[in-house]
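Below are the chains, spelled out letter by letter.
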Amino acid sequence: MEPFILSPVPYAQLLEDLRAIFRHETNQRPATAQGTSDTPATDLLTVQEAAEMLDVCPQTVHEWKRRGLLTYHKMGRRTYLKRAEVLAALKSEKRTVKTGKGTGRA
């Protein structure tokens with residue numbers, strides 16, 4: 001990944017440029033991918049969306065980020081997770097089996 005260096009640009013101009021980039025990229029998507037419920041594996045998820053996808057609370061997602069189980073990306077003050085990386089983390093983690101009183105363990 002190449003470094004991203006900002007020159008002194010007024011905030012309003014930067015915001016407008018970013019909007020134009022997002023509009024351009026959105027319009028470049030294939031017509032079959034637009035407006036469908038299927039989302040590409042490279043989509044960015046907010047913490048809330050990732051929590052809903054994983055069926056956990058947002059605090060759990062933050063804890064997993066802190067522990068390094070989930071890779072996240074910061075854009076300004078916002079945190080995003082790539083859908084493909086969240087799915088890959090699910091596949092790599094194995095659940096532990098806890099034995100309790102009712103499992104018949106002697």
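Residues numbered from 1 in each chain as written. Predicted model: local features only at pLDDT ≥ 70, side-chain atom pairs only at ≥ 80, totals over all residues. Heavy atoms only, no water.

## Comments concerning the packing of helix α2 (residues 47-54) against helix α3 (residues 58-67)
Here comes step 1: One can describe the packing of α2 onto α3 by two numbers: an axis separation of 8 Å at closest approach and a directional angle of 100 degrees. Here α2 is positioned roughly perpendicular relative to α3, judged by the angle of their axes. Residues Val 47, Gln 48, Ala 50, Ala 51 and Leu 54 of α2 pack against Pro 58, Val 61, His 62, Trp 64 and Lys 65 of α3.
Here comes step 2: Within the contact of α2 with α3, the residues separate by chemical class into seven nonpolar, two polar and one charged. (Axes fitted to C-alpha atoms, helices over the stretch in contact; angles between N-to-C directions. Helix = DSSP H or I, 4+ residues; strand = E, 2+ residues; numbered from the N terminus. Parallel < 35°, antiparallel > 145°, perpendicular 65-115°, else oblique. Contact = heavy atoms within 4.5 Å. Nonpolar A, V, L, I, M, F, W, Y, C, P; charged D, E, K, R; others polar.)

## Observations concerning the packing of aromatic side chains
Here comes step 1: With the rule as written, the count across this model stands at zero aromatic pairs.
Here comes step 2: A cation over an aromatic ring shows up here: Lys 65 above the ring of Tyr 72, its NZ or CZ 4.8 Å from the ring centre. (Phe/Tyr/Trp six-rings, centres within 6.5 Å; stacked < 30°, edge-to-face > 60°. Lys NZ or Arg CZ within 6 Å of the ring centre and 35° of its normal.)

## Quick notes on the nonpolar core
Here comes step 1: Counting residues in each nonpolar core, the largest one holds 10 residues, listed as Leu 45, Val 47, Ala 50, Ala 51, Leu 54, Val 61, Leu 70, Leu 81, Val 86 and Ala 89.
Here comes step 2: Take this core: its biggest share by element is four residues, from α2.
Here comes step 3: Leave out the neighbours within four places in its chain, and Ala 51 touches Val 56, Cys 57, Pro 58 and Val 61. (Core = buried A, V, L, I, M, F, W, Y, C linked by side-chain atoms within 4.5 Å. Buried < 20%, exposed > 50% of the residue type's maximum accessible area, 1.4 Å probe, protein only.)

## Notes on the pairing of strand β3 (residues 78-82)
Regular strands show a simple pattern: their side chains alternate between the two faces of the sheet.
Here comes step 1: Strand direction decides the pairing type here: strand β1 (residues 44-46) and β3, joined by three bridges, are antiparallel. Residue pairing across strands places Thr 46 opposite Tyr 80, the latter belonging to β3.
Here comes step 2: Here strand β2 (residues 73-75) pairs with β3 via three bridges, running antiparallel. If you follow Met 75 over to β3, its bridge partner there is Arg 78. (Pairing = 2+ DSSP bridges.)

## Section: the environment of Thr 71
Here comes step 1: On the secondary structure map, Thr 71 appears in the loop between α3 and β2.
Here comes step 2: By relative accessible area, Thr 71 is classed as partly exposed at 46%.
Here comes step 3: What Thr 71 contacts, discounting residues up to four positions off in sequence, is Leu 81 and Glu 85.

## A look at unusual backbone geometry
Here comes step 1: At Asp 55, a position not held by glycine, the phi torsion is positive, near 60 degrees.
Here comes step 2: Looking at the secondary structure, you find Asp 55 in the loop between α2 and α3.
Here comes step 3: For Asp 55, a relative accessible area of 71% translates into the label exposed.

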